[in-house]
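One-letter residues, chain by chain:
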Amino acid sequence: MKKTLVSALTTALVVGAASTTFAAANPFSDVPADHWAYDAVSQLAADGVIEGYGDTTFRGNQNITRYEMAQMIAKAMAKTDVSAADKALIDKLAAEFSDELNNLGVRVSNLERNADMVKWNGKAEYTYYSHRNKDKNTKTNDDQLLFRLEPSAEVNSHWHVNARLDASTDLAKDSADVNREHGKDSIQDTDVTLKRVWAQGNYGNFQVKLGKFAQIDNDSIFDTSFSGAEVQFGNKVTFTAGAGRQNMDKDSDFTQKFTVGNEKTANYQYAGLGYADGKFVGGVDYHHLNADSFQYAKEDGTKQANEDNANIWLAKAAYRFDKTNALNGFYANNTSADELDKAWSAQYSYKGAEAQNKGTWGAWAAYRYLGQNTDLFSTFDVILAGQKGWEVGANYAPFKNIVATLRYGNGKDLATDNDIENLFGRVEVFF
């Protein structure tokens, strides 16, 4: 298998005396061509952490031994001006090649290697929102607290198991709010809920997921998870396909906004083509859901129960001009719905807060039109499903691993044409 960027080896040994210490491991055994380390090293090379040969070139299509890989890792470990993401990659590589690094005189304990097999990330999150109907002179305010854990465990060089556990509470009631007595736009539950759990296998340019996980377009109209299987293959051009069951019971985002007959789940399939090259990312996706009573909300507020399917097409694109300026947007249409069947968004972003870097900040402005028969599981916070209007926002990292976000939305309700105004604030503490 062709190995690009991976053979970014320096010709000089990192430790001169290493040649006398080969007994503990076989330094000349090849790293398998489909080993995850190749992707990690490619990323480090792209970030400028691992350098090429003395003539500044990279030499592809060469066999890489574990000893040669350890030389690169040792070189990277000596650097101090690397990002948190690159540091995490270096640590993981160091654990994998600990024996070879020990031969080079770079000590990596077995305890560190074993501990690296399971990682825990997460965050604590405080959210405030105010949703206001200016024509009716009504509003809904709420503040919520969420605690999230995201463990990841390495099974072998190809497979990982991942999960997400959420616990949330309604701060105004200081308890669960499953009946939405306070903050009628969302259910708050104090139980720990297993939101996602899946096994993921990576084989070069082929990836497979099995379990409960986020599907494609979770950054726009499908900010949820489903139970099933997904395969993806490709590099610059990727093809993704998934199939399974979509949750629509009383606790789901979907049923909090709409009524969907008596079925608690829908049969679900999706497929998409994606393209990514430098500054541009784009794609075209298709989603199909089937339930016995897939009811669509009409503009006059009535319901009809004569459509069993949702067929949604979506096109999306994003372009980053430089490190500070970017544009992104999407357009989606549910061809099975008669009304409120379109959703689209266009956003300009300037910079952006980075949790790892204190003092970073960003701002954005967007216009969104979110027909609720297409925007089924909306990811947006101040222009909601069934609304259209402008959004402005900003985020800031006052301290390392802490990000504060503010959003303001102003527009109209699509069904009633009433004026709406929404506020949103959030503080996230990452660990």
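Structure shown above.
Residues numbered from 1 in each chain as written. Predicted model: local features only at pLDDT ≥ 70, side-chain atom pairs only at ≥ 80, totals over all residues. Heavy atoms only, no water.

> Describe the nonpolar core, listing the residues and the values that go with them.
Among soluble globular proteins, nonpolar side chains are generally buried collectively. Ranked by internal contacts, the top residues of the largest apolar core, which has 24 residues, are Ile 221, Phe 222, Leu 289 and Phe 330. Where this core is concerned, the elements lending two or more residues are strand 8 (265-277), strand 12 (309-320) and strand 13 (325-334). Val 31, Trp 36, Ile 64 and Ile 90 belong to the second largest nonpolar core, which has 21 residues in total. (Core = buried A, V, L, I, M, F, W, Y, C linked by side-chain atoms within 4.5 Å. Buried < 20%, exposed > 50% of the residue type's maximum accessible area, 1.4 Å probe, protein only. Helix = DSSP H or I, 4+ residues; strand = E, 2+ residues; numbered from the N terminus.)

> How would you sum up the packing of aromatic side chains? Please name residues and give values.
Overall, the coordinates contain 16 aromatic pairs when judged by the stated rule. Arranged with centres 6.4 Å apart and planes meeting at 75 degrees, the rings of Trp 159 and Tyr 203 form a pair that is edge-to-face. With Trp 159 in strand 3 (residues 159-170) and Tyr 203 in strand 4 (residues 192-203), this pair connects stretches of sequence that are 44 residues apart. According to the relative accessible area criterion, Trp 159 is partly exposed, its value standing at 21%. Since its relative accessible area comes to 33%, Tyr 203 is described here as partly exposed. For the pair Phe 233 and Phe 239, a centre-to-centre distance of 5.7 Å together with 50 degrees between the ring planes defines the contact as tilted. These aromatic residues form a ring-pair network of at least three members: Phe 213, Phe 222, Phe 226, Tyr 268, Tyr 270 and Phe 377. Lying over the aromatic face of Trp 36, Lys 92 brings its terminal NZ or CZ to 4.6 Å of the ring centre. (Phe/Tyr/Trp six-rings, centres within 6.5 Å; stacked < 30°, edge-to-face > 60°. Lys NZ or Arg CZ within 6 Å of the ring centre and 35° of its normal.)

> Let's hear about the pattern of salt bridges: which residues, and what values?
Summed over all chains, the structure comprises 15 salt bridges. A salt bridge links Asp 381 to Arg 407, with the nearest nitrogen and oxygen atoms 3.3 Å apart. In this pair, Asp 381 sits in the loop between strand 15 (361-370) and strand 16 (387-399) while Arg 407 sits in strand 17 (residues 402-413), placing the two residues 26 residues apart along the sequence. Here Arg 407 falls in the partly exposed class, since its relative accessible area comes to 22%. Taken together, the shared-partner salt bridges in this structure form one network comprising Lys 123, Glu 125, Arg 426 and Glu 428. (Salt bridge = Lys/Arg side-chain N within 4 Å of Asp/Glu carboxyl O.)

> Give me a nonpolar patch on the surface: which residues, what numbers.
A surface patch of nonpolar side chains, about 1100 Å² in accessible area, is lined by Tyr 203, Phe 206, Phe 233, Val 237, Phe 239, Leu 273, Tyr 275, Phe 280, Tyr 319, Phe 321, Leu 327 and Tyr 348. When residues of the nonpolar patch are traced back to their parent elements, those giving at least two are strand 7 (237-247) and strand 8. (Patch = residues over 30% accessible without salt bridge, like charges linked within 9 Å, V, L, I, M, F, W, Y side chains within 5 Å. Areas by Shrake-Rupley, 256 points an atom, 1.4 Å probe, with all protein chains shown as cover.)

> Account for helix 1 (residues 36-46), naming residues and giving values.
Burial runs high along helix 1: eight of the eleven residues are buried. Within the span of helix 1, buried status applies to Trp 36, Ala 37, Tyr 38, Ala 40, Val 41, Ser 42, Leu 44 and Ala 45. The secondary structure elements touched by the buried residues of helix 1 are helix 2 (66-77), helix 3 (84-96) and strand 2 (138-154). In the segment just after helix 1, Gly 48 is the residue with positive phi, at about 80 degrees. (Contact = heavy atoms within 4.5 Å.)

> Go over the packing of helix 1 against helix 3, please, and point to the residues and values.
In a pair of packed helices, the angle between the axes and the distance between the axes together describe the arrangement. Interaxial distance between helix 1 and helix 3 falls to 10 Å at its minimum, and their mutual angle equals 145 degrees. When you trace helix 1 past helix 3, the crossing you get is left-handed. Along the contact surface, helix 1 presents Trp 36, Ala 37, Ala 40, Val 41, Gln 43 and Leu 44, while helix 3 presents Asp 86, Leu 89, Ile 90, Lys 92, Leu 93 and Glu 96. Considered class by class, the residues forming the contact of helix 1 with helix 3 number eight nonpolar, one polar and three charged. (Axes fitted to C-alpha atoms, helices over the stretch in contact; angles between N-to-C directions. Left-handed = near helix turned anticlockwise from the far one by under 90°. Nonpolar A, V, L, I, M, F, W, Y, C, P; charged D, E, K, R; others polar.)

> Tell me about the environment of Asn 103, and please be specific about residues and values.
With respect to the helices, strands and loops of the structure, Asn 103 is situated in helix 4 (residues 98-103). Sequence separation of Asn 103 and Ala 70 is 33 residues, and the distance between their C-alpha atoms is 9.2 Å.

> Explain the packing of helix 2 against helix 3 to me, and be specific about the residues and the numbers.
Put simply, helix 2 and helix 3 touch, their axes get as near as 10 Å, and they point 140 degrees apart. Here the hand of the crossing between helix 2 and helix 3 comes out left-handed. Here helix 2 contributes Arg 66, Ile 73, Ala 76 and Met 77 to the contact with helix 3, which in turn contributes Ile 90, Leu 93, Ala 94 and Glu 96. Split into classes, the residues belonging to the contact of helix 2 with helix 3 amount to six nonpolar, no polar and two charged.

> Requested: an account of the pairing of strand 7, with residues and values cited.
Bridge analysis of strand 6 (residues 226-234) against strand 7 gives eight bridges, and the strand direction is antiparallel. Paired with Glu 230 across the bridge in strand 7 is Gly 242. What sits between the antiparallel neighbours strand 6 and strand 7 is a turn of two residues. By the bridge criterion, eleven bridges tie strand 7 to strand 8 in an arrangement that is antiparallel. Bridged to Thr 240 within strand 8 is Gly 272. (Pairing = 2+ DSSP bridges.)

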